[in-house]
Amino acid sequence: QIFINNDWHESTSGKKFPTYNPSTLEKICDIEEGDKPDVDNAVEAAKAAFQRGSPWRQMDAPSRGRLLHKLADLLERDRVTLATLETMDTGKPFLQAYFIDLEGCIKTLRYYAGWADKIQGRTIPVDENFVCFTRHEPMGVCGAITPWNFPLLMLVWKMAPALCCGNTLVIKPAEQTPLTSLYIGSLIKEVGFPPGVVNIVPGYGPTAGAAISTHDSIDKIAFTGSTEVGKLIKEAASKSNLKRVTLELGGKNPCIVCADADLDLAVECAHQGVFFNQGQCCTAASRVFVEEQIYPEFVKRSVEFAKKRLVGDPFDARTEQGPQIDQKQFDKILELIESGKKEGAKLECGGLAIEDRGLFIKPTVFSEVTDNMRIAKEEIFGPVQPIMKFKSIEEVIRRANSTEYGLTAAVFTKNLDRALTLASALQSGTVWINCYNALYAQAPFGGFKMSGNGRELGEYALAEYTEVKTVTIKLSQKS
Amino acid sequence: KIFINNEWHDSVSGKKFAVFNPATEEKICEVEEGDKVDVDKAVKAARKAFELGSTWRTMDASERGRLLNKLADLVERDRLILATMETIDGGKLFSTAYLMDLGACIKTLRYCAGWADKIHGRTVPMDGNFFTFTRHEPIGVCGQIIPWNFPLVMFIWKIAPALCCGNTVVVKPAEQTPLSALYMGSLIKEAGFPPGVVNIVPGFGPTAGAAISHHMDIDKVAFTGSTEVGKLIKEAAGKSNLKRVTLELGGKSPNIIFADADLDAAVEFAHIGLFYHQGQCCIAGSRIFVEEPIYDEFVRRSIERAKKYTLGDPLMPGVQQGPQIDKEQFKKILELIESGKKEGAKLECGGGPWGDKGYFIQPTVFSDVTDDMRIAKEEIFGPVQQIMKFKTIDEVIKRANNTTYGLAAAVFTKDIDKALTFAAALQAGTVWVNCYSALSAQCPFGGFKMSGNGREM
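All values derive from a computational prediction rather than experimental measurement.

Caption draft 1: Fine view of the sheet that holds strand β15 (residues 364–367) of chain A. Residues and elements named next belong to chain A. The 7 strands are arranged β14-β15-β16-β13-β12-β17-β18 in an open sheet whose pairing can be described as mixed. The open sheet has two free edges, formed respectively by β14 (346–349) and β18 (430–433), since each of these has just one partner strand. Neighbour-to-neighbour, the strand axes of this sheet turn through a mean angle of 20 degrees, independent of strand direction. In the packing of helix α12 (residues 327–342) onto the sheet, contacts are made with β14, β15 and β16 (384–390), and the angle to β15 comes to roughly 30 degrees. Together, β12 (254–257), β13 (287–291), β17 (408–412) and β18 form the strand contacts of helix α15 (residues 416–425), whose direction differs from that of β18 by roughly 165 degrees.

See the structure below:
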């Protein structure tokens, strides 16, 4: 149901929509479908909760932090339930949901709980006899639109800094995966957040999502999803009320393996880097550049890894790869795989769906990939690893940077100079050296170029959820 | 002419446009009119100057700071010329242009020069056996669209921090006032900035300006101007390549005067806060809320103050108010004045045009203004002062915040509790206490709500 003012509501229209388990293709349950009137109700509640003098506005900052800590405690208490829901709703392997997704959620909540009473402005030495200081105030009502690949984690990445800074929220989880976000509604109420501080409206993008991005009373919107929709959101924000915008979008992330790298480490990291979460990561290492000398050996070992990857029921402890999220994604990935074959890449293994198994695709490796092929340019979001060859550092910098994306990049080398040169030269929001997907609450994450605007995590996220006010007071004399 | 790669170019189309003196309505000269093709050339030059390994990219940060300081020196050397240009092109009072505008330009350049080698990232204690640090890298090619009310100051507010952080820029000055920006081109070359780091393309909004906001190879656009155009720019950024956007837009800033204020100071600050530069300021204190007990006295003293004005050619000493910038603004302001009269506000003085040449408007004061009148809601951008009455603190906070704008606000009171309550409660990017328009390079400046996105300075 829809969560507004700490209560559960039916949709204004009476409509519902189903949510499915992608590994069995069975319906899990029906969800109330939110649309513009429900978003309006949620925004009213969030606005009221943000009024001067409201319980949330009056609350001391350390108390906000304690509430976030308590929420983390409840996530820990209900960790098995949440991981199970996440697995059923997304198809991700249960052990990954439990150890990675839920771990990230709990740690991120605790990280921002710690920041709540440290949102500091500055005193500024201005000319003449004035006292000048800045306040970092909460922005107000924040809209958050979250994706289906890491439903709970992406929600916490937005909720934690937003609440830490004193904002109120209207959240629209992805229509494919609303369950864990709705469960968290009940935890938010249990913890004791005042009504209206967090509101959750499940629904579809073009209806509920658009209602949020065009809403005149929403002060800021944060979106994680495709670059295509990210552009629509920024446009809608401009057309309506110039709401502030943070976007975390797609990537076609280069993974550069130099001849002097630790080869086993590089192969394994590149493998996990692209296949993790069924390839459904914005950080997917979907362009692997390998220095000529070690190319054949790298491809050989990568294929071995890919062939060993166990695809199956996400609740089976041995499974490493579950199903893709839905038919639309499934079809798109297979189409891109076909394009790889047609455009002349060498199919080393995989390349098809698993027969009679619904949305499962075999881990696929392409070698002899060239930069102009679709699989080297478009975001696949599936278990497909394109491996390319390079000769020199200048060449690979140029090729790695020639994309409109710029989310992450990785470099494998033992050479200090090469590592730091590449770290400086790569146009990416995150550069990993001798590792992949090392993501923690402390380090800021976000995209260069069309991979996004702004940063999540770290201290930097605080800037996305505060508005700076400068106060200048005249004194009779200078001090 | 158009300034690209430290050279002067004709427009590709061959078109030129005229620039006028708003005090005399005479043409000053013609300027090459840049359009999309010229913007493309400028962006290419800026992109090349930003390439890895270029002179600008490999320059030490401290050296960037030195160049900004040298530029400040040159602006100081040519202060008289630049002030004269601003006056003739912008209708600004000469003494104001020389002392205030040029003063701010020089100080801002020196302030940002000092930051150049202090752009710090952080080391971050991440979980696991990792060493993590952040780099604060230049964004890249920045498009900057400048308004006509403070042409040179707004130009500097944009290029100084951009260059300080290592970006390259493509600037489009306002079509009404391109002269001082173009002069800066020659100083930028003289200071020794590498070619392509600063490029200046004069032209019109729907052509050159739109080319910038839609450009697929510009990484960020910064705009100062009206909220209406600001929305178009952010939209274009979303439609094209998700370029980062900073906006400094309009305001309808509240100025709140309590009975316990120093009345003389309040009247003076409220007056200057509105009438400065013929009312053409985004921070104009265009809604003055006066506490009931002192309302009549405040209105009386404000009228006295406004009547003392001498209008005339801004180059002449002894003139206190110059012309509005152009015919379009002139007509819009007169139209809003008429609406004030029609909707029932009390016209205390002024209320019409002045002189037979140039876009001059008499300093105008309205009292008994209510919140629903157009003059209380719409940004006038002219010498028209609205004075309203209020009774209680909660009432005036609500009324002050009841606008889609949120750029600045002020409160006059001797009571510390009132002062700090308002500082917290007002939805404005800058709140002044017992003063108005106190701005310096050190303070961040920007809007809440629809007065903008992001902060300058």
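Caption draft 2: The nonpolar core, seen in detail. Ranked by size, the top nonpolar core spans 92 residues in total, and within it L71, F155, M184, F193, I257 and F298 of chain B carry the most contacts. It is helix α6 (residues 151–164) of chain B that contributes the most residues to this core, 11 residues altogether. Counting residues in hydrophobic clusters, the runner-up holds 62 residues, among them L102, L153, W157 and I200 of chain A.

Caption draft 3: Local environment of unusual backbone geometry. Phi at E128 of chain A takes a positive value of approximately 65 degrees, unusual for a residue other than glycine. The residue E128 of chain A is located in the loop between β5 (123–124) and β6 (130–138) in this model.

Caption draft 4: Main features of the UniProt feature "active site" (unreviewed entry) in chain A. Residue and element names in this part refer to chain A. UniProt annotation of "active site" (unreviewed entry) refers to E248 and C282 when read in the numbering used here. Judged by maximum C-alpha separation, these annotated positions cover 35 residues in sequence but sit close together in space, the widest gap being only 8.4 Å. Inspection of the secondary structure puts E248 in strand β11 (residues 244–248). Taking relative accessible area as the criterion, E248 reaches 4% and is therefore assigned buried. Apart from the residues within four sequence positions on either side, E248 is in contact with F223, T224, G225, L407, F445, G446, G447, S451, G454, R455 and E456. Along the polypeptide, C282 turns up in the loop between α10 (263–275) and β13.

Caption draft 5: Summary view of the interface of chain B and chain A. Counting residues at the interface gives 60 residues for chain B and 54 residues for chain A. Contact between chain B and chain A buries roughly 4500 Å² in total, counting both sides, with carbon and sulfur atoms accounting for 59%. If you look at where chain B meets chain A, you find 7 salt bridges. On inspection of chain B and its partner chain A, the count reaches 38 residue pairs in polar contact (both at pLDDT 80 or more). Of all the elements in the fold, those that place two or more residues in the side of chain B that touches chain A are β6 (132–133), α9 (227–239), β11 (244–248), α14 (393–401), α15 (416–425), β20 (430–433) and β21 (452–453) of chain B.

Caption draft 6: Looking closely at the sheet that holds β5 of chain A. Here 10 strands make up an open sheet; going across it, the order is β5(A)-β6(A)-β20(A)-β20(B)-β19(B)-β12(B)-β13(B)-β18(B)-β17(B)-β14(B) and the pairing mixed. Whereas interior strands pair on both sides, the edge strands pair on one side only; in this sheet they are β5 of chain A together with β14 (346–349) of chain B. Relative to strand β18 (residues 384–390) of chain B, strand β13 (residues 287–291) of chain B runs parallel, the two being bridged by 4 bridges. Counted as the bridge partner of F289 of chain B is M388 of chain B from β18 of chain B.

Each value, and the rule that gives it
Residues numbered from 1 in each chain as written. Chains lettered and ligands numbered in written order. Predicted model: local features only at pLDDT ≥ 70, side-chain atom pairs only at ≥ 80, totals over all residues. Heavy atoms only, no water. Pairing = 2+ DSSP bridges. Helix = DSSP H or I, 4+ residues; strand = E, 2+ residues; numbered from the N terminus. Axes fitted to C-alpha atoms, helices over the stretch in contact; angles between N-to-C directions. Contact = heavy atoms within 4.5 Å. Core = buried A, V, L, I, M, F, W, Y, C linked by side-chain atoms within 4.5 Å. Buried < 20%, exposed > 50% of the residue type's maximum accessible area, 1.4 Å probe, protein only. UniProt positions renumbered as here; feature names shortened; annotations may be inferred. Buried area = accessible area lost by both parts, 1.4 Å probe. Salt bridge = Lys/Arg side-chain N within 4 Å of Asp/Glu carboxyl O. Polar contact = N/O pair within 3.5 Å; in protein donor to acceptor, adjacent residues only side chain to side chain.

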